Amino acid sequence: MTTEHRFVGQIAGFGTASGTRVVLGHWWESPFGAFADAMVEQGDGHRTLLAPVHVAEFVSSTYTFDEVVHTPVTVRSDAAASDDHDGHLVVAGGPLAATLTIGGRTGLGHLLRLVPAPLATSPAFSRVTDPVARVLLRGVRTRGSAGGGRTEIYGATDVRVLRSITASWDGADLGEMRDVVPPVRFGFGSSPPRPCITRLVTTVTTATD
């Protein structure tokens, strides 16, 4: 038997001139309720999870970190991005503070919008998208082992560019936005090299006796 945990929301990924790369998860539906978390890899390779205490154990047992910081992570939106209108996300959690400017839909985002959402987010469809993602998006997979008998599946429905970011860590400016290079090393999946924000459903299945 298997147990499924579904997370509905969005993931933003970006790099910075300091070498720090950030993957922000903003989930409005999950087994733990609505929450946000941030996975941060600094230029020296140190990997930190910022997450509320009630979800940190689940996330840290699915991904790999050198440090886990129990902290609320808040995400505020001042506008919804559209093809002709930028939006902004303001993020705060522990040592991380960031403002993200979201631009228009990418070419991949337009293609994803053509796929009916129930199909795009179904675990079975990931068997089709995973080989394509490996070729088109360096370091990205849509299906793979999450350790501990878990399988993690990403079903994306939209992708928008990040136009710019301002971010700091413990009050120190992280510098201008850069690509997510080298890829982050939290688990089987990564963030696309180009800074972006992806709407998706993540399904984590766990084998049970």
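Structural notes, computed from the coordinates. A quick note: this is a predicted structure, and the numbers were derived from the prediction, not measured.

Cut-offs used in this document
- Residues numbered from 1 in each chain as written.
- Predicted model: local features only at pLDDT ≥ 70, side-chain atom pairs only at ≥ 80, totals over all residues.
- Heavy atoms only, no water.
- Helix = DSSP H or I, 4+ residues; strand = E, 2+ residues; numbered from the N terminus.
- Contact = heavy atoms within 4.5 Å.
- Areas by Shrake-Rupley, 256 points an atom, 1.4 Å probe, with all protein chains shown as cover.
- Buried < 20%, exposed > 50% of the residue type's maximum accessible area, 1.4 Å probe, protein only.
- Pairing = 2+ DSSP bridges.
- Core = buried A, V, L, I, M, F, W, Y, C linked by side-chain atoms within 4.5 Å.
- Phe/Tyr/Trp six-rings, centres within 6.5 Å; stacked < 30°, edge-to-face > 60°.
- Salt bridge = Lys/Arg side-chain N within 4 Å of Asp/Glu carboxyl O.

## Digging into the overall build of the protein
From N to C terminus, the protein includes 4 helices and 13 strands. Contacts spanning at least 24 positions in sequence make up 56% of the contacts within the protein whose residues lie at least 6 apart. Total accessible area on the protein stands at roughly 9800 Å², and carbon and sulfur atoms take up 56% of it.

## Looking at the pairing of strand β8 (residues 96-105)
Along β8, 8 of the 10 residues are buried, which leaves the element largely enclosed by surrounding structure. Between strand β7 (residues 87-93) and β8, which pair antiparallel in sequence order, lie 2 residues; one of them, G94, sits at a positive phi of approximately 55°. Sheet topology note: the β8/strand β10 (residues 150-169) ladder contains 8 bridges and is antiparallel. Residue T101 lies in a different strand from β10, and its bridge partner there is S164.

## Thoughts on the nonpolar core
Grouped together as the largest cluster of nonpolar side chains are 22 residues, with contacts concentrated most on F14 and L100. Secondary-structure elements contributing two or more residues to this core are β1 (2-16), β2 (21-29), β3 (35-41), β7, β8 and β10. With residues up to four places along the chain from it excluded, the contact list for L100 reads A12, F14, G87, H88, L89, V91, L162, S164 and I165. Of all hydrophobic cores here, the second largest spans 20 residues; its members include F7, V23, W27 and F65.

## Quick notes on the packing of aromatic side chains
Tallied over the full model, the rule gives 7 aromatic pairs. Taken together, the ring pairs connect F7, W27, F32, F35 and F58 into an aromatic cluster.

## Things to note about the environment of E152
Of note, E152 is situated in strand β10. A C-alpha to C-alpha distance of 4.5 Å links E152 and V204, two positions 52 residues apart in sequence.

## Comments concerning the pattern of salt bridges
Where charged atoms of side chains with opposite charge meet at close range, the side chains can pair. In the structure shown here, the tally under the stated rule is 6 salt bridges. In this structure, D66 and R47 form a salt bridge, with 3.2 Å as the shortest nitrogen-oxygen distance. Within this pair, whereas D66 is found in the loop between α1 (53-62) and β5 (67-70), its partner R47 is found in strand β4 (residues 47-51), the two being separated by 19 residues in sequence. Given a relative accessible area of 43%, D66 falls into the partly exposed group. Residue classification places R47 among the buried positions, given a relative accessible area of 12%. The shortest N-O distance in the salt bridge between R178 and E176 comes to 3.5 Å. Relative accessible area serves as the criterion here: at 57%, E176 is assigned to the exposed category.

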